[in-house]
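# Analysis of the macromolecular model
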Amino acid sequence: MKKIISYVLLMVTMVPMATVLTSCGDDEPETPNSPIVGTWRSNDVGEGWSTWVVFREDGTGLMADGKIDLSRLDDFGEFVSYTYNEEDQTVHVNLYDEDWSFQLQSITDDYFITDLGDDDAYFRFTRQTSPQASALIETSGQISKERVGEHIKYYVESHSGSCYFDITPVIFWHENLPPLTLKSATAKYDPIEFDVTGDNSCTLSVYYSANHTSIEKRSTIELRFANADNSVSLIYPITIHQKPAY
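Residues numbered from 1 in each chain as written. Predicted model: local features only at pLDDT ≥ 70, side-chain atom pairs only at ≥ 80, totals over all residues. Heavy atoms only, no water.

### Digging into the packing of aromatic side chains
Basically, it comes down to this: Between the rings of Phe, Tyr and Trp (Trp by its six-membered ring), a pair exists once the centres lie within 6.5 Å; its type follows the angle of the planes, with under 30 degrees stacked, over 60 edge-to-face, and the other angles tilted. Secondary structure elements are defined from DSSP: runs of H or I of at least 4 residues count as helices, runs of E of at least 2 residues count as strands, and each element is numbered from the N terminus. Only protein chains enter the area calculation, which uses a 1.4 Å probe; residues under 20% of their type maximum are buried, those over 50% are exposed, and those in between are partly exposed.
Taken as a whole, this structure holds nine aromatic pairs when the rule is applied. Ring geometry for Trp 52 against Phe 172: centres 6.2 Å apart, planes inclined by 50 degrees, an arrangement best described as tilted. One end of the pair, Trp 52, is in strand E2 (residues 49-55); the other, Phe 172, is in strand E13 (residues 161-172), with 120 residues separating them in the sequence. The exposure class assigned to Trp 52 is buried, which follows from its relative accessible area of 0%.

See the structure below:
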């Protein structure tokens, strides 16, 4: 099933820039405040996936598709801006340098329901009461990745080489919180050499020696992030599979 972010950008009617500029006139509230400010999650995408939306009081926000527990992000976007018209319950968002809008069908303190397309598909977003964290991952070097069901597997060849992971931890919450920084990195299972530079974002550099066996090697590097007041923490394991030599 398509995730909601891609669905919105394909199905929702685009909002001309003039409309967005007009909304900044006298009728627009000074801040896009209640009732939409908050952190929301929809599980209506099904199959163990959810969509998270964050509306901050300053008119910025986040949107992401991922596992229901956010153990993996599948798509991520940060709003340049959004506005909310409380009179007709319409939200205008700039995401991926595109302007679009959607209308809330109903909203309470606990949830809102919106129609995001032309096929009568309705999505219920529930207000979240605590922050969640996940990480954005970009890879480079001698590495390939494969999606196996709900998981991403990283593969390297049997000969020696190196690969790199650029990791940015993200907190999904509408209030200001100290950012997540790297606290520790621990290797488990088959031994592998690595080092980490930076704390938020950070780069994990992995160096692996040749595998001379007929058995696939598997190494996991467990990264632990936390913020300054320990209100949010994140343990993010990255598992690397090294192919057998024959």
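### Section: the sheet that holds E2
Put simply, the test is: The pairing criterion is simple: DSSP has to find at least two bridges between the two strands. Every angle, taken between N-to-C directions, lies between 0 and 180 degrees, and every axis is a line fitted to C-alpha atoms, over only the stretch in contact when it is a helix.
Across the sheet, which stays open at both edges, the nine strands sit in the order E4-E3-E2-E1-E9-E8-E7-E6-E5 with antiparallel pairing between neighbours. This sheet does not close on itself; its edge strands, each paired only once, are strand E4 (73-78) and strand E5 (81-85). Shown here is a sheet whose adjacent strand axes are inclined to one another by a mean of 25 degrees, direction ignored. Bridging between E5 and strand E6 (residues 90-95) involves five bridges; their strand directions are antiparallel. Counterpart to Tyr 84 in the pairing with E6 is Val 91.

### Describing the sheet that holds strand E14 (residues 181-189)
Read across the open sheet, the five strands follow the order E11-E12-E18-E17-E14; overall the sheet is mixed. The open sheet has two edge strands, strand E11 (144-148) and E14, and neither has a second partner. Neighbouring strand axes in the sheet, compared pairwise and without regard to direction, differ in orientation by 30 degrees on average. One ladder, built from three bridges, connects strand E12 (residues 151-156) with strand E18 (residues 233-242); its direction is parallel. Counted as the bridge partner of Tyr 154 is Ile 240 from E18.

### Details of the pattern of salt bridges
Quick note on the threshold: Whenever Lys or Arg places a side-chain nitrogen within 4 Å of a carboxyl oxygen from Asp or Glu, that contact is recorded as a salt bridge.
All told, the structure shown has four salt bridges when counted by the stated rule. The shortest N-O distance in the salt bridge between Arg 72 and Asp 74 comes to 2.7 Å. With a relative accessible area of 9%, Arg 72 lands in the buried category. The class of Asp 74 is partly exposed, set by a relative accessible area of 28%. For Arg 147, the salt bridge goes to Asp 74, with nearest N and O atoms at 2.6 Å. Pair noted here: Arg 147 is in strand E11 and Asp 74 is in strand E4, with a separation of 73 residues, a long-range link. Overlapping salt bridges, with partners in common, bring together Arg 72, Asp 74 and Arg 147 in one network.

### A short note on unusual backbone geometry
Of note, the bond from Asn 200 into Ser 201 is cis; its omega dihedral lies within 30 degrees of zero at -5 degrees. Of note, Ser 201 is situated in the loop between strand E15 (193-198) and strand E16 (202-208).

### Some thoughts on the environment of Lys 183
What counts is decided by this rule: Throughout, a contact is declared for two residues whenever any of their heavy atoms are within 4.5 Å. Pairs of N or O atoms within 3.5 Å make up the polar contacts considered here, provided that, within protein, one atom can donate a hydrogen while the other can accept it, and that residues adjacent in sequence are counted only when both atoms are side-chain atoms.
Structurally, Lys 183 is set in strand E14. On the accessibility criterion, Lys 183 (45% relative accessible area) is partly exposed. Residues Lys 183 and Ile 235, 52 residues apart in the sequence, show an inter-C-alpha distance of 10.0 Å. Not counting chain neighbours up to four residues away, the residues in contact with Lys 183 comprise Arg 224, Phe 225 and Ala 226. A distance of 3.4 Å separates the side chain of Lys 183 from the side chain of Thr 181, its partner in a polar contact.

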